[in-house]
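# Per-entry structural report
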Amino acid sequence: MAPRAILFDLDETLTDRSQSLMKYSYAFMESFRNYLSNISPEEVYQLLKTADGNGYRSREEVFALLTKELPWAQKPPESFRISEHWASTFPHCSVATAGMYEVLENLKLHGIILGIITNGGSFSQNKKIDTLGIREYLSTIIISESVNVKKPDKKIYAIALEEINISASDTWYIGDHPVNDILGSSSAGLTPVWIRGIHPWTEGHDEPSYQIDSINQLLSLL
């Protein structure tokens, strides 16, 4: 049966992190150009992508690596300056995954309730949502920092379900992370849909019945 509601992860599900990092690399070069020598935005991107760990490496590690590895023409800026630049700039560099707008529009036209459950800081995640311009599609936005509980804890899914007043059995959850998104939503009674190819599946657990390679394949499941 088609779900009454579909809830989404944000990063690497509705946003394309690789494209967002590329866009941020140009902003980084613009801001720190006077400190750097002999490096292109594309090279900054490659270093940043390696350091980023798909968003799962601590920001402190990422900024320390950038401070160490980039070819600074003079004394590198303090790591807190890079941290502040990331916090203020990266959310505005968010790029949508291919087909995202068409999928959200189609689902909304068919009367399916939509929402987001995401880990992360309230400021940065809200800025990403506004940069994408998708708030109008969403009936609920649950951000871990705002509710003091993180995926994969099933409590965060229960908060969203209560807000939209729809049962877990009538709700799908779409995400890329095997534990935080798929096993977490399944433990809360939702039907998970795994976006493959970003994180390897977690050994010792059965893979979900519904799997897609990108968000624009979601409609084919319906």
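The rules behind these values
Residues numbered from 1 in each chain as written. Predicted model: local features only at pLDDT ≥ 70, side-chain atom pairs only at ≥ 80, totals over all residues. Heavy atoms only, no water. Helix = DSSP H or I, 4+ residues; strand = E, 2+ residues; numbered from the N terminus. Rg over C-alpha atoms; globule rule 2.2 N^0.38 Å. Contact = heavy atoms within 4.5 Å. Areas by Shrake-Rupley, 256 points an atom, 1.4 Å probe, with all protein chains shown as cover. Salt bridge = Lys/Arg side-chain N within 4 Å of Asp/Glu carboxyl O. Buried < 20%, exposed > 50% of the residue type's maximum accessible area, 1.4 Å probe, protein only. Phe/Tyr/Trp six-rings, centres within 6.5 Å; stacked < 30°, edge-to-face > 60°. Pairing = 2+ DSSP bridges. Axes fitted to C-alpha atoms, helices over the stretch in contact; angles between N-to-C directions. Parallel < 35°, antiparallel > 145°, perpendicular 65-115°, else oblique. Left-handed = near helix turned anticlockwise from the far one by under 90°. Nonpolar A, V, L, I, M, F, W, Y, C, P; charged D, E, K, R; others polar.

Our next topic: the overall build of the protein. Within the protein one finds 10 helices and 6 strands. Taken against the 2.2 N^0.38 rule, which gives 17 Å for 222 residues, the C-alpha radius of gyration of the protein at 18 Å falls within 12% of a compact globule. Its C-alpha atoms give the protein principal-axis dimensions of roughly 60 × 40 × 30 Å. Considering only intrachain contacts with a sequence separation of at least 6, the fraction spanning at least 24 residues in the protein is 63%. By element, 48% of the accessible surface of the protein is carried by carbon and sulfur atoms, the whole surface being about 10800 Å².

This brings us to the pattern of salt bridges. One pass over the full model with this rule turns up 9 salt bridges. Residue R59 is joined to D52 by a salt bridge in which the shortest nitrogen-to-oxygen separation is 2.9 Å. Neither R59 nor D52 differs from the other in exposure class; each is buried. One salt-bridge network, held together by shared partners, links D9, K151 and D181.

Counted by the stated rule, this structure contains 10 aromatic pairs. Arranged with centres 5.1 Å apart and planes meeting at 75 degrees, the rings of Y24 and W86 form a pair that is edge-to-face. Linking Y24 in helix α1 (residues 17–32) with W86 in helix α4 (residues 79–89), this pair joins segments that are 62 residues apart in sequence. Residue Y24 shares its accessibility class with W86, and that shared class is buried. Residues Y157 and Y173 carry aromatic rings whose centres are separated by 5.2 Å and whose planes lie at 90 degrees to one another, so their mutual orientation is edge-to-face. Placement of the pair is Y157 in helix α8 (residues 154–164) and Y173 in strand β4 (residues 171–175), with a sequence separation of 16 residues. The class for Y157 is buried, based on a relative accessible area of 0%. An aromatic cluster is defined as three or more aromatic residues linked by ring pairs; in this entry it consists of Y24, F28, F32, Y35, F63, W86 and F90.

With that settled, consider the sheet that holds strand β5 (residues 191–195). The sheet built from 6 strands is open, its strands ordered β3-β2-β1-β4-β5-β6 with parallel pairing. Edge strands, defined here as strands with exactly one partner in the open sheet, are β3 (140–143) and β6 (210–212). Recorded for the sheet is a direction-independent mean angle of 20 degrees between the axes of neighbouring strands. Inspection of the sheet shows strand β2 (residues 113–118) paired to β3 by 4 bridges, in the parallel sense. Looking at the pairing, T118 lines up with I143 of β3.

Axis separation between α1 and α4 bottoms out at 11 Å; the angle between their running directions is 125 degrees. Regarding the angle of α1 to α4, the classification is oblique. Between α1 and α4 lies a crossing whose hand is right-handed. Between α1 and α4, the residues in contact are R17, L21, Y24, A27, F28, S31 and F32 and R81, I82, H85, W86 and T89, respectively. Of the residues belonging to the contact of α1 with α4, the class tally is 7 nonpolar, 3 polar and 2 charged.

Backbone torsion omega between K151 and P152 reads 15 degrees, so that peptide bond is classified as cis. For N148, which is not glycine, the phi dihedral falls at a positive 60 degrees. Secondary-structure assignment places N148 in the loop between α7 (144–147) and α8. Take N148: its relative accessible area is 72%, and that puts it in the exposed class. With a phi close to 60 degrees, N165 is a non-glycine residue in the positive phi region. If you trace the backbone, N165 turns up in the loop between α8 and β4. Owing to a relative accessible area of 65%, N165 belongs among the exposed residues under this scheme.

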